[in-house]
Every structure is written in C-alpha cells, then in structure tokens.
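Listed below, chain by chain, are the residues.
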Amino acid sequence: MSVTSPLPTTTPDPFAEIRAEFAGGLGARIETMRTALGRLDGPFRVKEADTLFRAAHSLTGTAASFGAEGLAHVAGDLEALARNWLARGAVAAEERRAALAAVAELESAAREYRATIQTGPLRSPAARLAVVGELTSLIHAAVDMREIFRGAILKVQRVLDFRRASVVLIDDSRTTYSLHTLFDRARGGFLDGEAVFPIAQGITGEAIQTGRPVRVDGLPGTEGILLQEGRHVSAMIVPLHVNDRVIGALNFGHEDEGVYTEEDLDWAVVLGRQIETSLYYSKLLSTIAEQREALAREHALVQGQRNQLEALIDASDAAIMLVGRDHRIAHANAEMAKLVGIPREAVLGASVDSLHRFLAGSFVDPAALAVQQKALTLDATLRDRFELTFPRRAVYQRVVAPVRQGGGAPLGHSVLYRDVTHEVEGERAKSEFVSVVSHELRTPMTSVKTSLSLLLGGAAGAMGEPARELLEIAHRNADRLIRLVNDLLDLSRLEAGRMDLRLGPVNLAEAVESSVEAVTGFANEQGVAIALAPAGEAIVVRAMRDRLEQVIVNLLANAVKFSARGKRVTVRWWSDGEGAVVEVQDQGPGIAPEHLEAIFEPFRQLDSSTTREHGGVGLGLAISQNIMRALGGKLRAESEVGAGSRFFVRLPLALGQPLAPPAAPTEPGRAGPLVVLIAHSDHDWQRLAAARLQAEGWRAVPVATGAAALERLREERVDLIVIALDLADTHGIDLLQKLQRDPQLFEIPVVIVAEMESPVIANEGTALATTVEEAVEHARRLLRAPTRDMVLLVEDDPLLRPTLGKVLRRAGYSCFPVANGREALAFIRTRRPQLVITDYRMPEMNGLAFLRELRNDPACKSLPVIMLTGHVSRDLARQIADLSAELAAKPIKPKLLVATVARLIHSGEAAVDSHAADPSLAPPEAQS
C-alpha cells in the first residue's frame with residue numbers, strides 16, 4: 001500500500017460547478033419518481049401522483065436549461081402522464097408500464113449526461129464550508145438514520161470526488177460490521193444490498209478497531225469498498241463515534257490511485273463529526289418521538305377507558321358523580337342532574353358546595369348532607385341510607401368512596417345514590433310480618449310455658465315421676481321456642497329502628513356481675529367455670545343496662561356453649577381513657593379468620609353440627625352487634641383455631657353524668673304479702689298472671705276496667721299496678737296519666753302490658769312488658785328497687801308540664817306536677833319532695849314569691865329548688881341566689897335538666913351554680 005502525494009486542487013468554472021451539482025442530484029430526483037410510481041401500484045393516491053408530476057416537471061425544465069435534451073424529453077413524457085392521472089383520478093395499467101419504462105430511460109440518460117460533462121468536485125474552502133452548513137441543518141431536519149446517511153453523501157459529492165461512498169455499522173456482537181448505506185455514481189446512485197464483514201478484516205475493520213481515520217492511495221479493489229477487481233484505488237475511512245463509542249465508519253473510494261490528500265482526509269473527518277452529531281440528535285429525537293407516541297397511545301387508551309367508564313356511568317340507573325380533589329364535579333350522569341334539579345351541563349365543572357346547596361332542600365334529615373360533606377374531606381368510605389323529597393319522596397342507598405390512581409395517589413371521590421325505596425318497603429313488610437307472627441306465637445307460647453311452670457311447681461297437686469318428666473321436656477322446648485321468638489322480635493325491632501333505647505349512666509361492674517350471675521347456672525350444668533378479672537376503678541358507661549346485659553349474657557352463653565367441660569371463660573373490663581371495653585375470652589375450638597365477619601350474620605352457623613349439638617339458630621351475635629351499634633358502641637371478635645376466641649364490647653364513657661349510689665334491694669316495710677293490681681280485660685291473662693304472682697309470694701288483685709282500677713285503688717293500698725293498653729272502658733295510657741296526676745297514687749310503680757313495644761309508652765318512662773313473664777320480671781325489679789326520689793314540678797304551661805314530667809320519669813324520678821305556687825305549697829305541707837322545679841312567670845304567685853314563701857318554712861330552708869325562666873336579668877339572678885336556689889334559662893335541654901336534678905339531690909344541698917349566680921355568664925340574649 002502506498003500513500004500518494006497530494007493532487008493539485010482544481011477549480012472548475014461556475015457553469016461546470018452548477019452542471020456537476022445538477023448531475024450529482026439526478027439520482028435523488030429519479031429515486032423520488034420511482035418511489036412515487038411504486039406507490040401508485042394499487043388504489044389511486046393523489047399525493048403520490050402529485051409528487052411524480054412535480055418531480056418530472058422540475059426535471060424537465062432544469063434538464064432543458066443544461067442542454068440535457070434526452071433527460072428533458074423523457075421527463076416531459078412522465079410529466080404528461082402524471083398530469084392526466086391527476087385529471088382523471090386513476091392510473092391505467094398500460095400507462096403505468098409506460099411510466100416504469102420512462103424511469104428506466106431516465107437512469108440511462110442520466111448516466112450518459114454524467115459522462116459528457118466534467119464532474120470534478122468543488123474543493124474550494126467556501127464550497128466545503130457551505131456543505132458543512134448544510135449538514136448542520138440536516139441535524140435539525142432529519143431523524144431517520146438512513147435519511148441522514150443518504151443526505152450527507154449527496155451533499156458531500158459536490159465537494160469531494162468519489163466513485164463510491166458507503167456507511168458501515170458494527171453489529172451488536174462487535175465482531176462484524178455490515179453495509180448500511182451504499183452509493184455508486186457509476187451505477188446511478190444508491191444501491192440496495194446487504195453484506196457482512198469480520199471486524200478484523202481490511203482497513204475498514206482497522207479504522208473501526210483503532211478509532212482513527214485512514215487514507216490509502218493504492219488499495220486493492222477487492223477489499224472493503226468493493227471497487228473494480230485487479231485495480232488499485234484511493235480510499236478514506238473515517239470512524240463514526242456516538243457517546244465515545246465507535247458505531248461504524250464512513251468510507252469514500254475512487255477508481256484512481258492517489259486521488260485524496262491529507263486536506264481531503266481532514267475535511268472527511270469534519271464531515272464525519274457532523275454526521276456523528278446528526279446521529280446523536282437523531283437518536284435523541286427518535287427517543288423523544290417514541291416517548292411522544294407512547295404518551296399519545298397511553299392518552300388514547302386512558303381516554304378510551306374514560307369514555308367507556310363514562311358510558312357505563314351514564315347507562316346506570318343510579319345517580320353518580322365524580323368529585324375531583326379540587327371539589328369540582330368532574331363527571332355526573334343524567335340521574336344525578338335530575339336529583340339536583342338543574343341541567344347536566346350546569347352540574348359538570350360546578351363546585352360540590354354549590355351542588356349541595358341545590359340538594360339541601362331535598363334532604364328529609366339535614367344532618368345526612370352534613371355527613372356527606374364531611375366524607376368528601378376524608379379518606380374514608382361512607383355507606384348509609386337517607387331520604388329525599390325531590391323529584392319524589394324516596395329512600396336512597398348512598399356510597400361515598402375515595403378514588404385513587406394505580407400508584408395510590410388520590411384523584412377525588414365517587415358519590416353514588418341508588419333508589420332503594422322498593423327494597424326498604426320489602427324489608428319493612430318482612431320485618432312487620434316477622435314481628436306480627438312472632439307476637440302471635442309468643443303470647444300463647446308464654447301462656448303454655450307459664451302453665452307448665454305452675455304445674456311443675458305443684459299448682460295442680462302432686463304428680464308422678466313419668467308425668468313430671470314429660471312436663472319438663474315440654475317446658476324446655478317451650479322455653480327454647482320462646483327464646484327463638486324473642487330473638488326474632490329483637491332482630492326485627494333493631495332492623496326497623498323500633499327498639500326503645502333509653503341511654504343513661506350504667507355502672508359497668510354491676511352490669512357484668514349481673515350478666516355472669518344470669519349465666520352461672522348454665523355454666524355449672526356445662527361444667528365450665530366463669531372467672532372475673534374486675535377493673536381497679538369504678539367505670540360508668542353510657543348505655544341501657546338491660547340491653548348491655550343482654551349482649552354480655554349472649555357472649556357468655558356462647559363462650560360456655562362452645563367450651564369443653566373443665567375449661568374456663570374469663571371476663572375482664574377496663575377503661576382506655578375514651579371508652580370502656582369488656583372482654584369475654586373462652587378456651588373453645590376457635591374460629592378461622594375468614595369466618596370472623598360471618599359469625600355476626602343472622603342465621604349463620606359455621607357448621608350445621610353446631611346447631612344439633614348446642615342448639616340455637618345463629619341470631620345471638622347478630623342481635624348483639626345491632627344492639628351495640630344502637631348504643632353507639634362496637635362489638636368485634638378475635639380468634640385463632642385451636643386457641644379459643646375473644647369478644648370485645650366497647651362503649652363510650654358516661655362523662656359528666658352522675659350515677660346514683662347503688663342501694664341494696666329492700667322489700668316495702670309492712671307486714672303481709674305485696675299487692676299487685678292487674679288491670680286487664682282478658683280473663684285468661686288475669687288468671688295466668690295471678691298464678692305467676694302468687695308463685696312469687698305476692699297477692700294479685702285483678703280488675704277488667706279503668707274505672708274499677710281507680711275504685712279499687714281508693715279502697716286498698718297496692719305496691720304495683722299492671723295495666724293493659726286495651727281496657728274495656730278506656731285506654732291504658734289515659735289511666736296511667738290519671739294515676740300520675742293523683743297525689744295519692746303517682747308514686748306507685750306501673751308496668752304497661754302491650755303486644756309490642758311503642759314509643760308512646762317509652763316516653764312515659766314506664767316499664768313495658770309484652771308477656772306475663774316479662775311483667776313478672778319487671779314487677780320483681782320494681783318492687784325490690786329502692787324508693788324513687790320525688791320531684792315536685794310547678795309549671796303553669798299545660799303543654800310544657802307533661803313534657804317535663806316525662807323527662808323526669810324516664811330518668812328514674814317520681815314526679816308530681818302542679819299548675820301554680822298555691823297548689824305546690826299545699827302539696828308540700830302534706831308530702832316533702834326531694835327537689836322542686838318551678839317556673840318564674842306564673843299567674844297569682846310568681847316563682848320568686850313562691851320561693852320566698854317556701855323558704856319561710858323552716859323545714860324547707862335547704863330544700864333544693866331549680867327556677868326556670870326565659871328572661872334572665874342580673875337582679876333576678878341575685879335574688880334567686882340569695883334564696884339558695886338554682887337558676888336555669890329556658891328552653892333547657894332535657895339532659896342538662898336531669899344532670900342538674902341529680903347533682904342537687906345527691907349533694908344534699910342547694911348549691912348555687914356560679915354560672916347562675918353571675919348573670920354575665922348567662923346567654924347574651926337573656927341579659928338585660
């Protein structure tokens with residue numbers, strides 16, 4: 001191999017330069033026409049026909065200018081064909097064949113033209129700088145690698161003489177390189193073809209491996225650039241780098257030896273650097289383009305999914321809206337717009353607060369909307385039911401749930417309202433049916449059980465052992481059936497929200513101990529011990545004692561039922577500062593984790609064998625959980641198979657609610673049996689109740705009418721009254737209210753008998769029984785309870801007087817109402833109450849005058865008094881404080897009134913509240 005000396009630089013005349021440039025670009029022009037013609041093989045494409053027409057038209061004019069008549073003639077034929085195709089909008093098959101032949105003629109004419117002109121390249125610095133500038137613009141215009149290589153070679157041939165130029169790229173293995181782009185001027189331009197060479201072969205491989213450019217003056221024609229075999233040629237190889245890594249090489253070759261100089265090599269290196277820059281940016285732009293396309297595809301996919309989701313939402317019969325994090329409505333279907341009462345277009349994009357203003361008037365319970373507003377600010381799910389009055393009165397199931405992206409980031413909330421009016425009506429009908437059937441079953445079954453109990457107790461005389469055994473079997477099964485009926489009634493009341501729950505302070509220790517006592521007999525039969533682990537301090541919870549004990553008894557009975565003989569059930573309770581917890585732990589077989597929620601479903605037993613072995617239908621835990629929810633508490637379970645179960649009852653503490661000190665049960669202090677008056681029109685019920693009361697050691701006095709009851713009460717003192725709602729001459733509530741207004745009878749405890757629980761009866765603060773057994777149980781509790789504290793109520797308002805009386809009776813006080821101060825003083829002369837509540841403004845004698853008269857009696861100096869008034873003044877407050885009374889502003893809340901009464905009675909003194917003593921602390925509107 002020999003390196004030749006530099007050849008002299010030639011500078012053709014300007015026309016020669018232009019003709020050379022024209023000749024060098026013929027290949028690209030012909031390639032454009034061939035490509036457009038190839039795409040017209042099939043359906044007619046206006047764009048391709050127009051490209052062919054413009055390229056042929058341009059070549060026709062330019063070729064004629066340079067005297068290339070052959071090129072101009074053939075190009076003119078192609079121009080005419082393309083013009084006709086555009087006019088007709090179609091390409092005939094024979095015309096296309098003619099066009100293909102014309103393209104072949106163009107290639108031949110181009111070779112002839114190149115041979116007739118001097119095609120020496122322009123090697124002036126200005127020309128070469130111009131090409132470098134064009135290559136720079138190519139960086140910003142081209143993205144495809146092949147386009148970059150072809151564009152660079154076409155531009156370089158204007159300023160560098162070569163027969164062939166090529167670009168080779170290294171394969172991934174970096175052991176071979178392959179031909180990527182090949183240009184051969186003698187063969188008409190760019191050629192298609194593939195070739196692979198070992199990287200260790202030839203000067204191209206050497207340049208790639210060393211990374212340095214190479215210039216050769218006498219290279220055998222069979223190596224690398226594949227020129228004419230048997231001849232020596234000139235060549236230049238410039239390695240191409242991207243990110244400091246050789247990716248291939250740029251090759252130039254000439255048929256003659258010693259054509260290229262060092263200046264040519266330096267300039268080829270500059271060209272290579274420009275191409276490298278183009279490659280770098282093409283890769284970057286390609287990556288950006290790919291990312292843009294990926295984002296576009298992803299956006300299209302998301303949009304498609306969103307469209308599908310919106311279509312599903314719009315097709316739903318539920319009212320649905322999506323609320324964004326900015327609290328604006330991102331989407332809402334037609335049903336939601338109908339509920340709001342404004343066009344759907346006005347809903348979309350509106351703030352959720354404005355939407356709530358439209359909805360507010362439709363909510364039957366305004367608090368239900370406040371709950372939704374709160375849920376939209378939290379990361380929690382709301383599931384409940386509420387009632388709307390627009391566009392029609394209906395009950396809706398509501399679900400408010402947070403919506404998140406795939407990564408967990410919050411997007412907003414979904415709000416769904418589903419009309420469940422028909423479902424609610426069906427549930428109500430089912431509940432009513434269960435309730436009615438259960439009542440119809442319980443009344444005769446209770447009578448059967450009571451009769452069997454009396455027979456077993458010897459009411460009909462002695463009986464043989466076989467008869468007793470049969471009666472005991474009947475008694476056990478009657479008791480089991482009654483328990484089932486009671487459970488069904490409790491469940492239906494809880495589901496319908498009809499269970500009377502009067503919440504108040506409950507001593508937790510007493511409730512637990514009473515529950516354990518109720519289950520002890522059953523536990524002894526099963527051979528299971530119950531261990532108490534009491535808390536170190538007294539705990540008072542806010543609940544209803546009877547229902548709380550029902551829950552604890554259910555849990556204890558279940559724990560005993562599923563424990564083997566010799567095992568132990570442990571009961572613990574404690575306070576965690578915000579609430580109180582009762583834990584019932586057994587040593588039974590345990591419950592699998594996946595079943596812990598199922599055990600609280602009605603009629604759910606984990607194993608059918610459980611029912612056969614232990615009895616029950618699976619209502620106890622369902623009822624207990626519903627009771628706890630109604631009490632504002634929670635019931636949950638923890639368990640491990642083989643290691644027993646733990647049930648937790650959690651209730652709120654009764655903060656600020658005083659609890660009366662427990663009193664030991666006492667019997668009334670008089671000789672002879674206790675007397676119970678039974679006012680009931682059903683003769684069989686009277687006899688059955690009388691037999692049960694006699695079994696308790698009490699004497700029963702049955703009457704059938706309200707008038708007979710009042711007459712008998714005037715003649716004989718009784719300790720308790722049982723009143724049926726349906727009497728022959730009056731309603732039981734009317735009789736009860738007459739008793740409450742009688743100064744001789746108002747303190748006698750009363751049990752009302754009805755077929756079902758009633759809010760009206762619950763408001764009276766009176767015990768309610770639906771069976772003989774319940775009536776006897778209430779009678780036992782009332783007769784053994786300590787004497788109730790008496791409150792004298794002085795109030796001239798005929799509407800407010802009975803209302804306050806009911807509040808006090810529900811709180812456990814005995815209340816006697818009078819209409820004015822004169823009646824109150826007359827009552828106090830015969831009976832001394834534990835506390836007096838009086839109104840301030842009353843006719844004849846106002847509350848202040850009554851209070852002064854009361855304090856004049858030495859026996860009433862320290863009697864606690866609460867003065868009610870709607871017009872508080874500093875002077876009035878001072879006068880009331882001077883008379884050692886408590887001042888309370890009207891309207892007073894029932895809880896506050898009961899708490900004040902309890903505080904004053906239990907303190908034993910008329911403590912003057914600092915708020916009442918200082919009128920500045922009274923409500924602003926009450927100050928004057």
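Residues numbered from 1 in each chain as written. Predicted model: local features only at pLDDT ≥ 70, side-chain atom pairs only at ≥ 80, totals over all residues. Heavy atoms only, no water.

(A) Region of the structure containing the overall build of the protein. A tally of helices and strands in the protein yields 30 helices and 29 strands. Long-range pairs, those at least 24 residues apart, make up 64% of the contacts in the protein between residues at least 6 apart in sequence. Surface exposure of the protein reaches about 46300 Å², of which carbon and sulfur atoms provide 53%. (Helix = DSSP H or I, 4+ residues; strand = E, 2+ residues; numbered from the N terminus. Contact = heavy atoms within 4.5 Å. Areas by Shrake-Rupley, 256 points an atom, 1.4 Å probe, with all protein chains shown as cover.)

(B) Structural detail: the sheet that holds strand β23 (residues 750–753). Overall, parallel pairing links the five strands, which are arranged β21-β20-β22-β23-β24 in an open sheet. The sheet is open, and its two borders are formed by β21 (699–703) and β24 (767–769), each paired with just one other strand. On average, adjacent strands in this sheet sit at an angle of 20° to one another, irrespective of strand direction. Pairing analysis gives five bridges linking strand β20 (residues 675–679) to β21, with the strands arranged parallel. The residue of β21 that forms the bridge with V676 is A700. Running at roughly 165° to β20, helix α20 (residues 683–695) makes contact with β20, β21, β22 (720–724) and β23 of the sheet. (Pairing = 2+ DSSP bridges. Axes fitted to C-alpha atoms, helices over the stretch in contact; angles between N-to-C directions.)

(C) Layout of empty space enclosed by the protein. Within this structure, the stated rule accounts for six cavities of 30 Å³ or more. In this model, the second largest cavity occupies a volume close to 60 Å³. Lining the second largest cavity are V676, I678, W685, A689, L693, L720, V722, V772, A775, V776 and A779. Counting only elements with at least two residues in the lining of the second largest cavity, the list comes to β20, α20, β22 and α24 (772–784). (1 Å grid on protein atoms, 1.4 Å probe; cavity = no way out; pocket = protein on both sides within 12 Å on 5 of 7 lines; lining within 4 Å. Points joined across faces, edges and corners; volume = space filled by probe spheres on them.)

(D) How the structure looks around the confidence of the model for the protein. For the protein, mean pLDDT is 80; residues scoring 70 or higher make up 81% of the total. Per-residue pLDDT stays below 50 along residues 1–13; that stretch engages in 28 contacts with residues further than four places along the chain or on separate chains. Across residues 608–614, confidence stays below pLDDT 50; counting only partners more than four residues off in sequence or on other chains, it has seven contacts. (pLDDT = per-residue confidence, 0-100.)

(E) Spotlight on the sheet that holds strand β28 (residues 865–869). Spatially, the five strands line up as an open sheet ordered β26-β25-β27-β28-β29, and their pairing is parallel. Both outer strands of the open sheet, β26 (814–818) and β29 (886–889), are each paired with one neighbouring strand and no more. The sheet shows a mean angle of 20° between the axes of neighbouring strands, taken without regard to direction. One ladder, built from four bridges, connects strand β27 (residues 835–839) with β28; its direction is parallel. By the bridge assignment for β28, T838 is matched with M867. Across the face of the sheet, helix α29 (residues 894–907) comes into contact with β25 (790–794), β27, β28 and β29 while running at roughly 140° to β27.

(F) Quick look at the packing of helix α2 (residues 26–38) against helix α3 (residues 46–65). Two elements in contact, α2 and α3, have axes separated by 8 Å at closest approach and are oriented at 150°. Here α2 lies roughly antiparallel to α3, going by the angle between them. Along this stretch, α2 crosses α3, giving a crossing that reads as left-handed. Of the residues in α3, those touching α2 at L26, R29, T32, M33, A36 and L37 are E48, T51, L52, A55, A56, S58, L59 and T62. (Parallel < 35°, antiparallel > 145°, perpendicular 65-115°, else oblique. Left-handed = near helix turned anticlockwise from the far one by under 90°.)

(G) Highlighting helix α26 (residues 821–830). Listed in full, the buried residues belonging to α26 are G821, A824, L825, F827 and I828. Buried residues in α26, looked at end-on, bunch into an arc of 160°, giving them a common side. Exposed residues lying more than 90 degrees from the buried face of α26 are R829 and T830. At its buried positions, α26 is contacted by β25, β26, β27 and α27 (847–855). The N-cap of α26, judged by a side-chain oxygen 3.1 Å from the amide nitrogen of R822 a few residues on, is N820. (Buried < 20%, exposed > 50% of the residue type's maximum accessible area, 1.4 Å probe, protein only. Arc of directions from axis to C-beta. Polar contact = N/O pair within 3.5 Å; in protein donor to acceptor, adjacent residues only side chain to side chain.)

(H) Main features of α24. The end-to-end C-alpha distance of α24, which contains 13 residues, comes to 18 Å, matching closely the 18 Å that a straight helix rising 1.5 Å per residue would cover. For α24, the full list of buried residues reads V772, A775, V776, H778, A779, R780 and L783. (Expected span 1.5 Å × (residues − 1).)

(I) How the structure looks around the environment of V776. Within the element layout of this structure, V776 appears in helix α24. Residue classification places V776 among the buried residues on the basis of a relative accessible area of 3%. Each C-alpha atom, one on V776 and one on V751, is 9.2 Å from the other, the two residues being 25 residues apart in sequence. With residues near it in sequence (within four places) discarded, V776 still touches R692, L693, E696 and W698.

(J) Up close: the side chain of Q372. Locating Q372 in the fold gives a position in helix α13 (residues 366–375). In terms of polar contacts, Q372 uses its side chain to reach the side chain of H356, at 3.0 Å. In this view, Q372 contacts M321, H356, L382, R398, V400, V415 and Y417; residues no more than four positions away in its chain are not counted.

(K) Seen up close, the pairing of strand β6 (residues 232–242). Burial analysis of β6 places nine of its 11 residues in the buried class, which makes it a mostly covered element. Where β6 meets strand β7 (residues 245–254), nine bridges bridge the pair, whose relative direction is antiparallel. Paired with H241 across the bridge in β7 is V246. Between β6 and β7, which pair antiparallel and follow one another directly, the connecting turn spans two residues, one of which, N243, has a positive phi of 55°.

(L) View of the pairing of strand β16 (residues 568–575). As paired strands, strand β14 (residues 529–533) and β16 are joined by five bridges and run parallel to one another. In the sheet register, L532 faces β16, and the bridge partner there is V571. Summarising the sheet, β16 and strand β17 (residues 579–585) pair through six bridges and their orientation is antiparallel. Within the sheet, the bridge partner assigned to W574 lies in β17 and is V581. Where β16 folds back onto β17 in an antiparallel hairpin, the turn is made up of three residues, including G577, whose phi is positive at roughly 100°.

(M) Spatial organisation of the environment of L863. Relative to the helices and strands, L863 is located in the loop between α27 and β28. The spatial distance from the C-alpha of L863 to the C-alpha of L835 is 6.3 Å, given a sequence separation of 28 residues. When sequence neighbours within four positions are dropped, the list of residues in contact with L863 reads R832, P833, Q834, L835, V836, L854 and R855.

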